[in-house]
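Results of the structural survey
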Amino acid sequence: MQFRELAVPGAWEITTKQFGDPRGVFLEWFKDEAFQEAVGHPLDLRQANCSVSAAGVLRGIHFADVPPGQAKYVTCVKGAVLDVAVDIRVGSPTFGRWDAVLLDDTDRRAIYLSEGIGHAFMALEDDSTVVYLCSTGYSPGREHGIHPLDPAIGIDWPTTDRQGRSITPQLSDKDVAAPTLEEARGQGLLPTLEDVERYVGSLRG
């Protein structure tokens, strides 16, 4: 299992070794020892989610108040998605920067996003199925969004699906109504780098 930190500090791409034979494939998509060695603390699992999306569905950019925030360990067990991490931590040297990992049922990579990082993904195939482990449970009053098409962030979302067919972003009403990054900053919704570092530091003991 290999961890590669992304251009957004606190987010990692995870590549696992797959074992295949005529029966199929086996892999370990999460391993606590390797996770702690890379991240510096255990994943406090409190909820596991699964979403199924049609090609072109765009979910995010979502985040939660820190503390405690909501860290996510994400993979795609069927189909393909472009999974994106966005640095929304006020005071971070990389504030507003994004990076992406292709999650699919071929390479079977995963992505980990620590507390205070915005998360979004676009499905590249019908019935793309994403599962993710979360460090906190659902808490609607503490969860927020940023518009995923905010030009100031400038995420390069795909325009074609896995088969090369044209797709357009399909957003929920909630995500359509979400503020831009600067609007969210002005409304005091964004976590600060100081608060995130203090909280993550407490996890490391």
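Residues numbered from 1 in each chain as written. Predicted model: local features only at pLDDT ≥ 70, side-chain atom pairs only at ≥ 80, totals over all residues. Heavy atoms only, no water.

What follows is about the UniProt feature "active site" (unreviewed entry) in the protein. The feature "active site" (unreviewed entry), as annotated in UniProt, sits at His62 and Tyr132 in this numbering. These annotated residues cover 71 residues of sequence, and their C-alpha atoms all fall within 13.6 Å of one another, placing them together at a single site. Here Tyr132 is to be found in strand β12 (residues 128–134). Residue contacts for Tyr132: discarding those within four places in its chain leaves Gln47, Ala48, Asn49, Ser51, Lys72, Tyr73 and Val74. (UniProt positions renumbered as here; feature names shortened; annotations may be inferred. Helix = DSSP H or I, 4+ residues; strand = E, 2+ residues; numbered from the N terminus. Contact = heavy atoms within 4.5 Å.)

With that out of the way, let us pick up the sheet that holds strand β9 (residues 98–104). The sheet built from 5 strands is open, its strands ordered β9-β8-β11-β6-β13 with antiparallel pairing. At either margin of the open sheet sits one strand with a lone partner, and together these are β9 and β13 (143–145). Adjacent strand axes in the sheet meet at a mean angle of 25 degrees when their direction is disregarded. (Pairing = 2+ DSSP bridges. Axes fitted to C-alpha atoms, helices over the stretch in contact; angles between N-to-C directions.)

This next bit is on the packing of aromatic side chains. Taken as a whole and judged by the stated rule, the model has 8 aromatic pairs. Relative to Tyr112, the ring of Trp12 lies with its centre 6.0 Å away and its plane at 35 degrees, an arrangement referred to as tilted. Here Trp12 is found in strand β2 (residues 11–15), whereas its partner Tyr112 is found in strand β10 (residues 110–113), with 100 residues between them in sequence. A residue is classified by how much of its surface remains accessible, and Tyr112, at 0% relative accessible area, is buried. Ring pairs connect the aromatic residues Phe3, Trp12, Trp29, Phe30, Phe35, Tyr73 and Tyr112, which therefore count as one cluster. Of note, Arg185 hangs over the ring of Phe95, and the distance from its end group to the ring centre comes to 4.9 Å. (Phe/Tyr/Trp six-rings, centres within 6.5 Å; stacked < 30°, edge-to-face > 60°. Buried < 20%, exposed > 50% of the residue type's maximum accessible area, 1.4 Å probe, protein only. Lys NZ or Arg CZ within 6 Å of the ring centre and 35° of its normal.)

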